[in-house]
Structure formats: structure tokens, C-alpha cells
Amino acid sequence: MLRLRFREILPDRSEEDAARLALRSRGDQPKTVHVPGLRREGDQIRADLATIPLPDGTWDVMWVSRDGRSEPVATRDPGFSLAERAAYLAEPRDRELRVIRGPEGRLRLRSAPARPYAEVEWVDVTDSHVAISGVLAYVPRTPGRQEARLVARQRELSGVLTVDAEVADGAFSVRVPLADMAAAHESARAHNEWDLWLTTPADGRELRLASLADDIVGKKKRISFPSTVLAGAAGRVRIRPYYTVHDHLSLLATEAGAKAGAGR
């Protein structure tokens with residue numbers, strides 16, 4: 001549902017003149033999709049987008065005048081509410097719609113596939129563990145407690161570590177011990193990245209750990225976690241959480257005397 005509140009109350013329109021919004025794609029050959037079935041409630045307009053086959057991409061929200069001319073809808077609203085995003089994640093869905101404000105102040109709608117994952121809300125690094133908590137995103141949430149596992153896979157290597165996790169009412173928490181990662185460190189590789197997945201035995205679905213609900217893009221260059229150093233089979237190993245280029249959460253292991261780098 002797209003809800004727009006206008007600065008001034010809109011005049012009443014006849015039923016045949018009700019469809020006053022359109023979505024226009026960006027690019028060299030823009031396409032226009034008209035938004036039917038608008039509902040007016042005082043200074044608000046509500047549009048049900050569930051019935052519109054909207055392709056992936058970013059769309060400008062357009063106001064269509066009575067004579068057919070269209071102009072972009074401007075807004076001062078940044079289009080983001082963390083509380084609304086948290087509620088949005090709680091519902092299973094296969095399509096994600098986000099309202100955003102462009103740099104020039106225009107209202108835009110972003111359409112993309114919604115893939116189930118585990119939304120990371122908290123990361124804490126200790127001398128021997130990394131504690132992670134968050135919520136399940138875009139999957140049915142079962143009331144009560146569930147058995148769960150966190151699976152860490154050593155990227156491009158054979159290492160796999162499994163840790164017990166807890167899921168309660170759709171929220172997960174896990175403590176990842178780092179000693180086994182240090183012991184499995186492959187010194188022939190400058191970086192040993194460990195990618196993290198949450199799985200529940202009830203459905204066997206693997207959910208990638210990531211932070212995608214907020215409006216911070218490019219977390220790899222914006223967010224840095226502390227590291228800890230442990231004894232490994234061939235020396236001391238430094239391990240720290242980091243975000244990948246896709247804002248997925250992974251763990252990076254390097255030799256303590258080597259440059260830590262950023263992972264991939």
C-alpha cells in the first residue's frame with residue numbers, strides 16, 4: 001500500500017478521474033505504469049500496489065493532471081521509518097517495495113525481489129566469541145522457541161562450523177566461538193572469510209545473515225567492528241566481523257602479524 005499525505009487537501013474528483021498517479025521507470029527508455037483504484041481519505045491518497053505487475057527497478061512517482069500531463073511528486077519525507085521496516089520484515093513476501101526520496105527531492109518507489117534472510121540487529125565481539133542477534137525476515141514466524149543452527153562456511157575452502165542458536169518468536173540469537181575458526185585457519189590464503197547462515201530444522205531453510213533493513217548502503221566501507229586475536233595451529237589469528245559488498249555479515253580471519261585487509 002502506497003500512502004501519500006499532501007500538504008493541501010486535494011479537491012474531490014469524479015470517479016472516472018480518480019486515477020491520478022503513475023509510476024515512471026528511470027533510464028533512456030522510461031516506461032509508465034498507471035496506478036488504478038486510488039482511495040482518498042481527507043488529505044491522503046492510498047494506492048494498492050499489490051495488483052500492479054511492477055518490474056524490478058526504481059520508479060518516479062508522478063502526478064497526472066486532468067489533461068494528461070504528468071509531473072514528479074516532490075517530498076521532504078526521507079521515506080524511512082525503522083519501526084515500519086521492522087513490521088515489514090515480519091511478513092512473508094516475495095516482492096519488496098521501498099519508498100525513497102531522490103537527491104533532488106523527488107518521491108521514488110524501488111521494487112526488488114524479497115529473499116528470506118536473517119536481519120542482523122546487534123553484533124558484539126569478545127575475546128573468544130562473537131554474539132549476534134536479530135530477526136527472521138520475509139519468512140513465517142513461529143510463536144515460541146525453536147531449535148536452530150548457525151552454519152559458518154569457510155569461503156572457497158572446506159571448513160564448516162555449526163553452532164547451536166536460539167529462535168524465539170521470530171528473533172534469533174547466537175554466540176559464535178572463534179577458537180575452531182582459528183584452528184582451521186589456512187595460512188596459504190591471506191584472508192579466510194567465513195560466511196554465516198541461520199537454519200531451522202523445521203523447514204531446513206538457510207537464511208544468510210545480513211543487515212538490509214536500514215537505509216545505510218555500502219556498510220563495508222562505513223561500519224567497522226573490533227577484532228580479537230586467538231591462538232591458531234600455525235600462529236596467532238585475528239578474527240573480526242565485517243560486512244561484505246552486499247551488506248551480508250561474515251567473519252574475517254587473518255594472521256595476526258599480517259595486514260587485516262577488508263575481506264570480500
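Residues numbered from 1 in each chain as written. Predicted model: local features only at pLDDT ≥ 70, side-chain atom pairs only at ≥ 80, totals over all residues. Heavy atoms only, no water.

How would you explain the pairing of strand E16 (residues 206–210) if you had to name every residue and give the values?
Among the five residues that make up E16, four are buried, leaving the element largely enclosed by the rest of the structure. Alignment of strand E10 (residues 117–125) against E16, held across two bridges, turns out to be parallel. For glutamate 119, the partnering residue across the bridge sits in E16 and is alanine 210. One ladder, built from three bridges, connects strand E15 (residues 192–199) with E16; its direction is antiparallel. If you follow tryptophan 197 over to E16, its bridge partner there is arginine 208. Where E15 folds back onto E16 in an antiparallel hairpin, the turn is made up of six residues, including glycine 204, whose phi is positive at roughly 70°. (Buried < 20%, exposed > 50% of the residue type's maximum accessible area, 1.4 Å probe, protein only. Helix = DSSP H or I, 4+ residues; strand = E, 2+ residues; numbered from the N terminus. Pairing = 2+ DSSP bridges.)

With reference to specific residues and values, describe unusual backbone geometry.
With a phi angle near 65°, tyrosine 138 is a residue other than glycine that sits in the positive phi range. Using a relative accessible area of 4% as the deciding quantity, one classes tyrosine 138 as buried. Positive phi values are uncommon outside glycine, yet aspartate 169 reaches one of about 55°. Tracing the backbone through its elements, the reader meets aspartate 169 in the loop between strand E13 (160–168) and strand E14 (171–177).

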